[in-house]
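Spelled out, the chains give:
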Amino acid sequence: MLPSYYEFHNPVKVVSGKKALENIPYELEQLGVKRPIVVTDKGVVEAGLLKIVLGAFDSSGLTMGALFDETPPDSDVAICNKIAALYRENECDCIIAVGGGSPIDTAKGAGIVLAENAEDLMLYMGAERLTKPIPPLIVVPTTSGTGSEVTYAAVIADRKKGIKMAFTSYLMLPRVAVLDPRMTLTLPAKITAATGMDALTHACEAYYCLQKNPISDAHAMGAIKLISENLLTAVKDPKNEQARMAMANAALLAGAAFSNSMCGMVHSLGHAAGGVCHVPHGLAMSIFLPFGMEYNIDKTGDVIGELLLPLGGADEYAKTPAAQRPYRAVELIRKLRQDLYDACGLPQTLKDAGVPREKLDEIAQAAINDGAHAFNPEEMDLGDATRMLQAAYE
């Protein structure tokens with residue numbers, strides 16, 4: 001059923017394929033910039049991935065204006081300010097983010113500071129608070145999960161307050177996303193699994209949450225099919241370039257989907273678990289996804305049932321009675337989680353993820369204060385969040 005009204009916006013240029021990185025000098029030229037600050041983390045440097053990116057500059061005559069390689073696992077307000085200062089000191093004119101969700105979101109946060117000349121980044125949290133576009137941003141993802149290379153969102157932590165806050169603005173969109181299989185070949189199995197489940201959650205919630213529309217649906221369905229067919233292969237055979245490229249494109253598709261249709265309660269719970277107990281976001285998504293789907297079946301079971309097609313294939317969909325399709329879709333999500341646990345030990349419960357039981361009430365309170373569940377088909381109150389966390393605990 002078509003919505004009576006919807007909007008879909010995603011102007012990010014996508015460059016995908018072998019040696020896609022060699023296009024970066026051309027993309028900088030097209031943007032009219034030539035002195036980037038590169039934002040990344042120590043893991044990217046130690047894996048040798050930064051060398052590959054910088055190698056694309058060799059014959060271009062371009063120079064790196066500055067390098068920041070100390071991005072923490074969770075993007076942080078103070079780090080965003082530090083990067084902005086380094087950008088100004090070195091007279092940079094653009095940003096290249098190389099990494100997973102944290103370097104990308106941190107680069108976006110630094111961009112907000114630069115665009116708004118902000119002293120307090122948290123003044124711009126929430127939706128559409130920016131008044132000026134951030135500096136040109138090129139993103140080179142090294143994981144296949146967040147989809148942040150094509151989203152207008154960033155989640156940034158305030159460590160002093162122990163919370164993660166969302167920033168969304170069309171003025172924060174990257175200009176170019178570069179997908180190159182060399183960037184994910186060294187990704188460890190457990191991180192491959194967790195980030196893949198992050199992308200799957202983006203796609204599933206995008207498909208059944210309240211702002212779904214035909215264009216986001218198409219992106220979400222494509223992402224789910226790619227993930228169901230390639231995630232386990234990428235985990236078990238990490239040098240498989242075809243599976244790696246499929247996952248990179250799946251994460252991008254899912255990112256484009258949820259940045260327009262939005263996510264739901266699974267993300268509220270995940271943001272809260274990350275803020276209170278530092279549960280990695282992809283792992284939290286993997287733990288909460290089947291519970292969130294089940295919770296929404298009463299309101300939107302027919303839509304969730306449609307996900308059985310990309311999750312299980314045409315034969316599985318055809319042989320399953322319509323009323324059972326949403327439950328079978330959840331079963332396949334749980335089977336995938338079990339397969340990932342068997343392949344690499346990805347935890348399936350909050351207990352195994354190291355969350356103390358006594359923190360559940362605090363996580364529940366943080367979850368209902370998170371804005372993501374505003375787009376969830378079913379309403380969620382404190383009691384609902386608490387029951388969900390208890391169910392996911394062990």
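Coordinates for the structure precede this section.
Rules and cut-offs
Residues numbered from 1 in each chain as written. Predicted model: local features only at pLDDT ≥ 70, side-chain atom pairs only at ≥ 80, totals over all residues. Heavy atoms only, no water. Core = buried A, V, L, I, M, F, W, Y, C linked by side-chain atoms within 4.5 Å. Buried < 20%, exposed > 50% of the residue type's maximum accessible area, 1.4 Å probe, protein only. Helix = DSSP H or I, 4+ residues; strand = E, 2+ residues; numbered from the N terminus. Contact = heavy atoms within 4.5 Å. 1 Å grid on protein atoms, 1.4 Å probe; cavity = no way out; pocket = protein on both sides within 12 Å on 5 of 7 lines; lining within 4 Å. Points joined across faces, edges and corners; volume = space filled by probe spheres on them. Nonpolar A, V, L, I, M, F, W, Y, C, P; charged D, E, K, R; others polar. Pairing = 2+ DSSP bridges. Polar contact = N/O pair within 3.5 Å; in protein donor to acceptor, adjacent residues only side chain to side chain.

A. Examining the nonpolar core more closely. Ranked by internal contacts, the top residues of the largest apolar core, which has 69 residues, are Leu 200 and Phe 288. Here this core takes 11 residues from helix H10 (residues 281-306), the largest share from any one element. Discounting chain neighbours no more than four positions away, the residues touching Leu 200 are Ile 224, Ile 227, Leu 289, Leu 311, Ile 333 and Leu 336. Core analysis: the next-biggest nonpolar cluster, separate from the first, contains 32 residues, Ile 83, Ile 95, Leu 121 and Met 122 among them.

B. Molecular detail of the layout of surface pockets. For the second largest pocket, the calculated volume is near 250 Å³. Lining of the second largest pocket is provided by Met 1, Leu 2, Pro 3, Tyr 207, Leu 210, Lys 212, Asn 213, Pro 214, Asp 217, Val 303 and Glu 306. Only helix H7 (214-236) and H10 provide two or more residues apiece to the lining of the second largest pocket. Its residues placed into classes, the lining of the second largest pocket shows 7 nonpolar, 1 polar and 3 charged.

C. Local environment of the sheet that holds strand S8 (residues 163-168). Within the open sheet, the 3 strands sit side by side as S5-S8-S7. Their pairing is mixed. Two strands lie at the open edges of the sheet, namely strand S5 (126-127) and strand S7 (153-158), each paired on one side alone. Where S7 and S8 come together, 6 bridges link them in antiparallel fashion. Its bridge partner being in S8, Ala 154 is matched across the sheet by Phe 167.

D. A look at the environment of Glu 22. Tracing the sequence through the fold places Glu 22 in the loop between strand S1 (13-16) and helix H1 (24-31). Owing to a relative accessible area of 39%, Glu 22 belongs among the partly exposed residues under this scheme. Spatially, the C-alpha atom of Glu 22 lies 9.4 Å from that of Ile 52, the residues being 30 residues apart in sequence. Sequence-distant contacts of Glu 22, defined by excluding residues within four places in its chain, comprise Ala 56 and Arg 182. There is a polar contact of 2.9 Å between the side chain of Glu 22 and the side chain of Arg 182.

E. Focus on unusual backbone geometry. Of note, the phi angle at Glu 128 is positive, near 50°, even though the residue is not glycine. Its location among the elements puts Glu 128 in the loop between S5 and strand S6 (137-141). On the accessibility criterion, Glu 128 (39% relative accessible area) is partly exposed. Unlike most non-glycine residues, Met 262 shows phi in positive territory, near 75°. Look at Met 262 and you get buried, because its relative accessible area is 19%.

F. Expanded view of empty space enclosed by the protein. One pass over the full model with this rule turns up 2 cavities of 30 Å³ or more. Quantified by volume, the largest cavity comes out at close to 60 Å³. Every residue along the wall of the largest cavity is listed here: Pro 141, Thr 143, Ser 144, Val 178, Leu 179, Asp 180, Pro 181, Thr 184, Arg 244, Met 245 and Ala 248. Listing elements by their share of the lining of the largest cavity, those giving two or more residues are strand S9 (176-179) and helix H8 (241-261). For the lining of the largest cavity, the leading source of residues is H8, giving 3 residues. When grouped by side-chain class, the residues that make up the lining of the largest cavity number 6 nonpolar, 3 polar and 2 charged.

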